[in-house]
Amino acid sequence: MAMAPQAAHSVPGDDAGAASQQWPSSPRAYFALTVIIIATFLSFFDATVFGMLAERIKVDFGLSDTQLGILGGPASIIFYVFVGIPLARLVDIYPRKMILAISAAVTGGVTMLSGLAQGFGQFIAARMLLGAGGSAHGPGSYSLIVDMFRPKKIPIAFALLQFGFIGGTTLGVLFGGMMIGAVSHWDTSYVWGLRIFNWQWILIALGLLSFPAALLFLLVKEPARRAAVADPIAVPQKASFGRKIATFMGFDAIRGIQAKGMVYYPLFIALALSATESQGIGFWRVPFLVRTYGMDEAQIGAVLAPMLLVAQLAGLVLGGLMVSWFGRKYKDANVRTAAICFTAVTICTLAAPLMPTGHLAMGAMAVATLFGLAGAPAQNAAVQRVAPQSMRGQVTALYLFMFTFFGAMGSLVIGVVAQYVVRDEARLWQAIFITALVLLPLATISMWRACKPYREEIERLEAAEAAAVSKAMPAGS
């Protein structure tokens, strides 16, 4: 199960190089981080609650599984693909707190529009705008954190940021189930000629929560931008206009990846396949439990939320322990850790839809989440370690794009398999099992195949680094 990779943040190895720069005070920095964590929490909370509503949306709007799958991911990724890079560019030009405030406000407004949607077409439009509105949050947040905290504190800041993800995905399940249970007996409302189903009031309420977060961003004091540490993008001399555009857009990074395809391709293939399955089953989790075991959203939330909380906290600890332990023996510790975790995720994900009870199925899903989160940092670190410094940002951007794009396709893939292969809504578990059986073993094999070329690349890099150090040392030292 692929978990969201973190954007690379190139910072100095110590504070010496930044001693002359005026850093924000700790209270200012941690206030900004708290606001970012709140906004991150709301983002994942909203997405999780939306997944909890999936079966209600299908029934009340009369959607097919394919249409529901489109709402679950592809709808929100369309605008993200087209406006994500331009909005990320705005982060580099304008005050980031303003970009983040606008992003939160737009996200809240569009979420409320989802609560007013009168049909599939309007729901699709709202989800598309939601992807556009939220695309600036990640780049803006990462950029702000790097300039708010001294280099030695940045890992702590990013670790704390994980609580936004963990809190949103766990409390979203718990309170999402509770809210659905609370409104399930409400009658359909008619306001200003609009028909509003009871569950749509939840989306309207969720949208309102984003506006206080937007106001909080306005209270953040924008920090000074720090000098870039990474090498700038080098445009070849006397290059044509098209060549300059290609360099700026990151196609040189694609050429760099192709040059070391034996190292990169298995990592990227494993990411794409696992993201498709993991995010797909994340969206279809509640419909599967409702259709297969007859559970309702409130029951699911009460049981699954504590399981996910324990699993995610344990996964964060386990991943670090595994990398540290394997690092003492193997050069490929990062990839080896990811491969072992992929193996465990494959087994648990295949077992979940075969379980005799809903509780056991949720338990298998939680264990899969544990190993998915444990393997994600190692996989991310593996890519960062072998990427050239001058292309690290571009390689990471491509890595993030693949995770986002293929992950968004997951809900559609499972929906299509359910509608056109299984052809029985009551047997959704078969669609989940089939997609997992096809995608996850291939992802796991690809990750294991990455071990040897990655190990050889690390050995080459270490030899080159040692030679550079030796050459730089004064003679006779």
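Residues numbered from 1 in each chain as written. Predicted model: local features only at pLDDT ≥ 70, side-chain atom pairs only at ≥ 80, totals over all residues. Heavy atoms only, no water.

**Re the overall build of the chain**
Along its length, the chain carries 18 helices and two strands. Taken across its 477 residues, the chain has 49% of its residues classed as buried. (Helix = DSSP H or I, 4+ residues; strand = E, 2+ residues; numbered from the N terminus. Buried < 20%, exposed > 50% of the residue type's maximum accessible area, 1.4 Å probe, protein only.)

**What to know about the nonpolar core**
One finds Leu53, Ile57, Phe123, Trp199 and Leu428 to be the most contacted residues of the largest nonpolar core, which totals 47 residues. Considering every element that reaches this core, the biggest residue donor is helix H12 (residues 261-293), with six residues. Filtering out sequence-adjacent residues up to four positions away, Phe123 remains in contact with Phe50, Ile57, Phe61, Leu71, Ser114, Ala117, Trp199 and Leu203. One finds Phe268, Val335, Ala339 and Met402 within the second-largest nonpolar core, a separate group that totals 30 residues. (Core = buried A, V, L, I, M, F, W, Y, C linked by side-chain atoms within 4.5 Å. Contact = heavy atoms within 4.5 Å.)

**Brief notes about the pattern of salt bridges**
This model, assessed by the stated rule, comprises 12 salt bridges. For Asp65, the salt bridge goes to Lys58, with nearest N and O atoms at 3.3 Å. For the pair Asp65 and Lys58, one class covers both residues: buried. In this structure, the salt-bridge partner of Glu462 is Lys331, at a minimum N-O distance of 2.7 Å. Here Glu462, found in helix H18 (residues 451-472), pairs with Lys331, found in the loop between helix H13 (297-327) and helix H14 (333-351); they are 131 residues apart in sequence, far enough to count as distant. (Salt bridge = Lys/Arg side-chain N within 4 Å of Asp/Glu carboxyl O.)

**Some details on the confidence of the model for the chain**
In the predicted model, the chain carries a mean pLDDT of 84, and 83% of its residues have values of at least 70. Ranking the helices and strands of the chain by mean pLDDT puts helix H17 (residues 428-449) first, with 96, and helix H10 (residues 241-248) last, with 55. Every residue in residues 7-20 scores below 50 in pLDDT, and together they form 23 contacts with partners more than four places removed in sequence or on other chains. Scored below 50 in pLDDT, residues 227-232 makes eight contacts in the model with residues more than four places away or belonging to other chains. (pLDDT = per-residue confidence, 0-100.)

**Digging into the environment of Gly327**
By the element assignment, Gly327 lies in helix H13. Residue class for Gly327 comes out partly exposed when judged on its relative accessible area of 45%. It is 9.6 Å that separates the C-alpha atoms of Gly327 and Thr337, two residues lying 10 residues apart in sequence.

**Comments concerning unusual backbone geometry**
Backbone geometry places Trp192, a non-glycine residue, at a positive phi of 55 degrees. With respect to the element layout, Trp192 can be found in the loop between strand E1 (189-191) and strand E2 (194-196). The exposed category is assigned to Trp192, whose relative accessible area is 83%. Phi at Arg423 is positive, roughly 60 degrees, even though this residue is not glycine. In this fold, Arg423 is placed in the loop between helix H16 (392-422) and H17. Relative accessible area serves as the criterion here: at 68%, Arg423 is assigned to the exposed category.

**Side note on the packing of aromatic side chains**
All chains considered together, the criterion is met by 16 aromatic pairs. A ring pair is formed by Phe61 and Phe123, whose centres lie 5.6 Å apart and whose planes are at 75 degrees; its orientation type is edge-to-face. Of the two residues, Phe61 sits in helix H2 (residues 54-61) while Phe123 sits in helix H6 (residues 120-134), which places them 62 residues apart along the sequence. Ring centres of Trp325 and Phe326 lie 5.2 Å apart, and the angle between their planes is 75 degrees; this geometry places the pair in the edge-to-face category. Judged by relative accessible area, Trp325 falls into the partly exposed class, the value being 42%. Overall, the relative accessible area of 12% leaves Phe326 in the buried class. Taking NZ or CZ as reference, Arg127 lies 3.7 Å from the ring centre of Phe50, over its face. (Phe/Tyr/Trp six-rings, centres within 6.5 Å; stacked < 30°, edge-to-face > 60°. Lys NZ or Arg CZ within 6 Å of the ring centre and 35° of its normal.)

**Observations regarding the packing of helix H1 (residues 26-52) against helix H9 (residues 200-218)**
Closest axis-to-axis distance for the H1/H9 pair is 10 Å, and the angle between their directions is 165 degrees. With respect to their mutual orientation, H1 and H9 come out roughly antiparallel. As for the relative orientation of H1 and H9, their crossing is left-handed in sense. Counting all contacts with H1, which are made through Phe31, Val35, Ile36, Ile38, Ala39, Leu42, Phe45, Asp46, Val49 and Phe50, the residues of H9 involved are Ile202, Leu203, Leu206, Leu209, Ser210, Ala213, Leu216 and Phe217. (Axes fitted to C-alpha atoms, helices over the stretch in contact; angles between N-to-C directions. Parallel < 35°, antiparallel > 145°, perpendicular 65-115°, else oblique. Left-handed = near helix turned anticlockwise from the far one by under 90°.)

**Examining a nonpolar patch on the surface**
Taken together, Phe163, Leu309, Leu313, Leu316, Val317 and Leu321 make up a surface patch of nonpolar side chains, about 520 Å² in accessible area. For the nonpolar patch, the element with the highest residue contribution is H13, accounting for five residues. Relative to the helices and strands, Leu313 resides in helix H13. Residue Leu313 is classed as partly exposed on the basis of its relative accessible area, which comes to 36%. (Patch = residues over 30% accessible without salt bridge, like charges linked within 9 Å, V, L, I, M, F, W, Y side chains within 5 Å. Areas by Shrake-Rupley, 256 points an atom, 1.4 Å probe, with all protein chains shown as cover.)

**Points about the side chain of Asp46**
Looking at the secondary structure, you find Asp46 in helix H1. For the buried Asp46, no salt bridge is present, and the opposite-charge side chain at shortest range is Arg127, 8.1 Å distant. When residues no more than four places from it in sequence are discounted, the contact partners of Asp46 are Thr111, Leu206 and Ser210. (Lys, Arg positive; Asp, Glu negative; His and termini not counted.)

**Some words on the packing of H2 against H12**
At a closest axis distance of 8 Å, the pairing of H2 and H12 adopts a crossing angle of 75 degrees. Our classification of the angle between H2 and H12 gives roughly perpendicular. Residues Ala54, Glu55 and Lys58 of H2 lie in contact with H12, whose contacting residues are Phe283, Pro287, Val290 and Arg291. Of the residues assigned to the contact of H2 with H12, the class counts are four nonpolar, no polar and three charged. (Nonpolar A, V, L, I, M, F, W, Y, C, P; charged D, E, K, R; others polar.)

**Section: helix H7 (residues 137-148)**
Helical geometry: 3.6 residues make up each α-helical turn, so side chains three or four residues apart lie on a common side. The terminal C-alpha atoms of H7 lie 16 Å apart, and with 12 residues this matches the ideal 16 Å at 1.5 Å per residue to within 8%. Among the 12 residues that make up H7, nine are buried, leaving the element largely enclosed by the rest of the structure. Of all the residues in H7, the buried ones are His137, Gly140, Ser141, Ser143, Leu144, Ile145, Val146, Asp147 and Met148. (Expected span 1.5 Å × (residues − 1).)

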